[in-house]
Structures are given as structure tokens and as C-alpha cells.
Amino acid sequence: MDEVLFRSPRKRGRVAVFLSGRGSNFLALREAVDRGTIDAEIALVLSNKADAPGLLKARESGLDAVFLDPKAFAAREDYDRAVLAEVERRRVDLVCLAGYMKVLTPALCEALRHRAVNIHPALLPSFPGLHVQRKAIDWGVRVSGCTVHFVAAEVDAGPIILQAAVPVLQDDTEETLAARILAEEHRIYPEAVRLYFQGRIEVRGRRVFILGPGA
Ligand code: GRF
């Protein structure tokens, strides 16, 4: 078996959520934190969009909500250096991308290696990229779903932590399929973060092993 590349820390975690839109996954994470299901606090919510509804909700609930304007930076690398500074300043253990519509630079991916995860609304490696519910319907697949994975420099290609499947129905529209998938996103994203801070996630090669509770 491949050697262990990473084992997640067992600790009370400090989480950052990056988002660009609605923020329903952020809310699912926040609820799990509030309920105590995830042993963590949300130390930062960061957005590249000033008016992202998720950012406004975070601010309303008193969280540290930061808008970082991409237009204020000459280069993508400069922007991501500023992003990393926000993360490190707050001693964040794990960054959760939740509808963050900016591709991270390779340097930021490297700096956050095994410290950043993403939720994607398809069963990777099928349908990476955007508009994937539409693509799943158009391709004619019978099953789709969602994937929580580590962030790597190649988009939507990092090691897979959890997946959930849903049926694709004959009369599905992009909206009905997206809603069915989203319900599963809201379940498995908090679950992945919970496992992370229970110290139960181990990476070997490109496989992720979920360790037992007593491991
Ligand atoms: C979700 O479908 C997620 O899988 C994708 O972007 C969408 C974000 O939705 N990465 P929300 O902002 O969390 O409601």
C-alpha cells in the first residue's frame, strides 16, 4: 500500500469558508458547527464578490466576513498571496471552498496542501468544471451526485474524500437535479469536515482512507 502522505489533525479546528454566491453549503457547515457536530469554529468567510449572499449572511451572523476585491490586485498571484495572508493571520486549519468561483493559483494550492477541500456537484472524475448538472442530463447518465475532495492544482482533480450518489430522472431539469444533489452536498460536506477534525482522514497516493473512530 502507498505510504501515508497526510493524516488529518485531531483537534478543535479553525475553518475558513470561501464562497462567491448563495452560500447554502456555508450555512450547512455553520449549522453543523453550531450544533457541535463539527469540532471547529468558523474563523473566516472570504469572498471575491462584495455582494455574495453567503458573505452577507456570514456578516449578519457576526462572523469574520472579508471581501477581497480581485480588481485591487495586478496579478492573480498577488490576489492569492493576499488570500493566504488572511488565512494565515487567523491560523486557519482548513479552507472549505463552497461555490468559490475562482481557480486557486498553483502556489496557493501548494501552500494549502491537505488544508483545502472543495464540494463539487457531480461524481468526479465525471463532469469536472461548470454547469455539470446540465452536462450530466445531456450525457444521459442515470446516476450523478456530489464529491468532497482535496484541492489540488488541477481543477476538480484532488483526492476524493466523500461522495454521494443520486438518481438522474427522465424528467429532470437542471434545477430539479441540482436540488437533489444539493441536499446531499449539505449532508456530506459537514460530514467530511467532521471526520477531518476527528483525525480520521488519511491520504495514501491519491486514495483517501476514512479511519475508524478509535484510530
Ligand atoms: C454547489 O452546487 C457546489 O457544489 C458548487 O457550487 C455550488 C455552491 O452553492 N461548488 P452554495 O453557494 O453553497 O449554495
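Okay, so let's go over this structure.

For the rest of this paragraph, the subject is the environment of V166. With respect to the secondary-structure elements, V166 resides in strand 8 (residues 160-167). Spatially, the C-alpha atom of V166 lies 9.7 Å from that of L123, the residues being 43 residues apart in sequence. Non-local contacts of V166, meaning those with residues more than four positions away in its chain, are made with R142, V143, S144, G145, L177, R180, I181 and E184.

It is worth spelling out the site of the ligand at this point. Contacts to the ligand come from R22, G23, S24, N25, G99, I119, H120, P121 and E185. A distance of 2.8 Å separates an oxygen atom of the ligand from a polar atom in the backbone of N25. Take I119: an N or O atom from its main chain is 2.9 Å from a nitrogen atom of the ligand. When the ligand is considered free in solution it has 370 Å² of accessible area, and contact with the protein chains removes 86% of it. Residue assignment for the shell around the ligand shows that the elements contributing at least two residues are helix 1 (24-35) and strand 6 (116-120). Looking at the shell around the ligand residue by residue, the class counts come to two nonpolar, five polar and two charged.

A few words on the side chain of R90. Among the secondary structure elements, R90 is positioned in the loop between helix 3 (76-89) and strand 5 (94-97). Given a relative accessible area of 12%, R90 falls into the buried group. Of the polar contacts made by the side chain of R90, one reaches the side chain of E86; its length is 2.8 Å. The residues touching R90, leaving out its near neighbours within four places in the chain, are R14, A43, L44, D64 and V66.

Three or more residues of helix 5 (residues 132-139) are buried, namely V132, Q133, A136 and I137. Angular distribution of buried residues about the axis of helix 5 spans 145°; they occupy a single face of the element. Residues of helix 5 that are exposed and point more than 90 degrees away from the buried face comprise D138 and W139.

For R91, the position within the fold is in the loop between helix 3 and strand 5. Separated by 76 residues in the primary sequence, R91 and V15 have C-alpha atoms spaced 9.0 Å apart.

End to end, helix 3 covers 20 Å across 14 residues, agreeing with the expected 20 Å (1.5 Å per residue, within 8%). Those residues of helix 3 that sit buried are Y79, D80, A82, V83, L84, E86 and V87. For helix 3, the secondary structure elements touched by its buried residues are strand 2 (13-19), strand 3 (40-47), strand 4 (65-67), strand 5 and helix 4 (106-111).

Moving on to the nonpolar core. Judged by nonpolar contacts, the single largest core of 46 residues is most densely connected at V17, C96, F150, I161, Y189 and V193. Ranked by residue count, the leading element in this core is helix 6 (residues 174-197), at nine residues. Those residues in contact with V17 that lie beyond four places of it in its chain are F26, L29, I42, L44, V45, L46, C96 and A98. Within the second largest apolar cluster, 22 residues are counted, among which are V87, V95, Y100 and L112.

Ordered in space as 1-9-10, the three strands form an open sheet in which the pairing is antiparallel. The sheet terminates laterally at strand 1 (4-7) and strand 10 (207-210), the two strands that pair on one side only. For this sheet the average axis-to-axis angle between neighbouring strands, irrespective of direction, equals 25°. The pairing of strand 1 with strand 9 (residues 201-204) spans three bridges and is antiparallel. Within strand 9, the residue paired with V4 across the bridge is R204.

For the rest of this paragraph, the subject is the packing of helix 5 against helix 6. The N-to-C vectors of helix 5 and helix 6 enclose an angle of 115°; their axes lie 9 Å apart at closest approach. Between helix 5 and helix 6, the angle falls in the class roughly perpendicular. Crossing handedness for the pair helix 5 and helix 6: right-handed. Contact residues: helix 5 offers Q133, R134, A136 and I137, while helix 6 offers E174, L177, A178 and I181. Taken together, the residues that form the contact of helix 5 with helix 6 break down as five nonpolar, one polar and two charged.

What counts, and where the lines are drawn
- Residues numbered from 1 in each chain as written.
- Predicted model: local features only at pLDDT ≥ 70, side-chain atom pairs only at ≥ 80, totals over all residues.
- Heavy atoms only, no water.
- Helix = DSSP H or I, 4+ residues; strand = E, 2+ residues; numbered from the N terminus.
- Contact = heavy atoms within 4.5 Å.
- Near = heavy atom within 4 Å.
- Polar contact = N/O pair within 3.5 Å; in protein donor to acceptor, adjacent residues only side chain to side chain.
- Areas by Shrake-Rupley, 256 points an atom, 1.4 Å probe, with all protein chains shown as cover.
- Nonpolar A, V, L, I, M, F, W, Y, C, P; charged D, E, K, R; others polar.
- Buried < 20%, exposed > 50% of the residue type's maximum accessible area, 1.4 Å probe, protein only.
- Arc of directions from axis to C-beta.
- Expected span 1.5 Å × (residues − 1).
- Core = buried A, V, L, I, M, F, W, Y, C linked by side-chain atoms within 4.5 Å.
- Pairing = 2+ DSSP bridges.
- Axes fitted to C-alpha atoms, helices over the stretch in contact; angles between N-to-C directions.
- Parallel < 35°, antiparallel > 145°, perpendicular 65-115°, else oblique.
- Left-handed = near helix turned anticlockwise from the far one by under 90°.

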